[in-house]
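Structural description and commentary
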Amino acid sequence: MAAALGLLAVGFVCYAAGLRINTTRSIPVGIYRLTDAPVGKGEYVIFCPPQTALFEEALERGYIGAGFCPGNYGYMMKQVLAMAGDRVTSGEEGIAVNGKPLPESVPRKTDSAGRVLPRYPFFDYRLKESELLLMSDVSDTSFDGRYFGPVDVGQVRGVVRPVVTF
């Protein structure tokens, strides 16, 4: 019991110090530090998913965890791969930003349980002033922008920088 309380205390101190642990393969697995750096292309960000039916289903299916965000959603970490003014297109071959294909972006038709995955229809879509395309650049199985579309920058809680990755 004392060991569990000690571990909980260490976790709380680390969280209060701005450290976040990523255990998913959406970005490299590891420990990240929350910063106040501006959101920019290529940055890793931590964000609260918007409260939508799509994210409710994602929570029910286990694509995202429960947590402290509105809707009881857990925080998500992704990389910013496009911002305001960028042109995003999607197809069977994946997502392209300003005509350049993104790695690991080919959409899957079904999840590992055989359930049909949603797909956001980017048809030569120009991101609006407050929109971001948040995706994984390291995993082709990540639940990311190819499925849920653009995210408002207001959902972002901060830029995270790796401390230790594995």
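1. Section: the state of the cysteines
- A full pass over the atoms with the stated rule returns one disulfide.
- For C48, the disulfide goes to C69, at an S-S distance of 2.1 Å. Because the sign of the S-S torsion sets the handedness, a value of about -75° for the bond joining C48 and C69 places this disulfide among the left-handed ones. Here C69 lies in the loop between α2 (53-61) and β4 (76-82) and C48 lies in the loop between β3 (44-47) and α2, a separation of 21 residues in the sequence.
- For C69, a relative accessible area of 4% corresponds to the buried category.

2. What about empty space enclosed by the protein?
- As enumerated under the stated definition, the model contains one cavity of 30 Å³ or more in all.
- Space inside the largest cavity adds up to approximately 40 Å³.
- Surrounding the largest cavity, L54, E57, A58, R61, Y63, P118 and F143 form its lining.
- For the lining of the largest cavity, the per-class residue count stands at five nonpolar, no polar and two charged.

3. A look at the layout of surface pockets
- There is about 980 Å³ of room inside the largest pocket.
- Lining the largest pocket are 33 residues; nearest its centre among them are T24, Y63, I64, G65 and Y75.
- Mapped by element, the contributors of at least two residues to the lining of the largest pocket are β1 (19-22) and β4.
- For the lining of the largest pocket, the per-class residue count stands at 13 nonpolar, 13 polar and seven charged.
- As a volume, the second largest pocket reaches approximately 180 Å³.
- When residues of the lining of the second largest pocket are traced back to their parent elements, those giving at least two are α1 (2-16) and β1.
- Considering every element that reaches the lining of the second largest pocket, the biggest residue donor is α1, with four residues.
- Grouping the constituent residues of the lining of the second largest pocket by class yields six nonpolar, one polar and one charged.

Thresholds, definitions, all that
- Residues numbered from 1 in each chain as written.
- Predicted model: local features only at pLDDT ≥ 70, side-chain atom pairs only at ≥ 80, totals over all residues.
- Heavy atoms only, no water.
- Disulfide = S-S within 2.5 Å.
- Helix = DSSP H or I, 4+ residues; strand = E, 2+ residues; numbered from the N terminus.
- Buried < 20%, exposed > 50% of the residue type's maximum accessible area, 1.4 Å probe, protein only.
- 1 Å grid on protein atoms, 1.4 Å probe; cavity = no way out; pocket = protein on both sides within 12 Å on 5 of 7 lines; lining within 4 Å.
- Points joined across faces, edges and corners; volume = space filled by probe spheres on them.
- Nonpolar A, V, L, I, M, F, W, Y, C, P; charged D, E, K, R; others polar.

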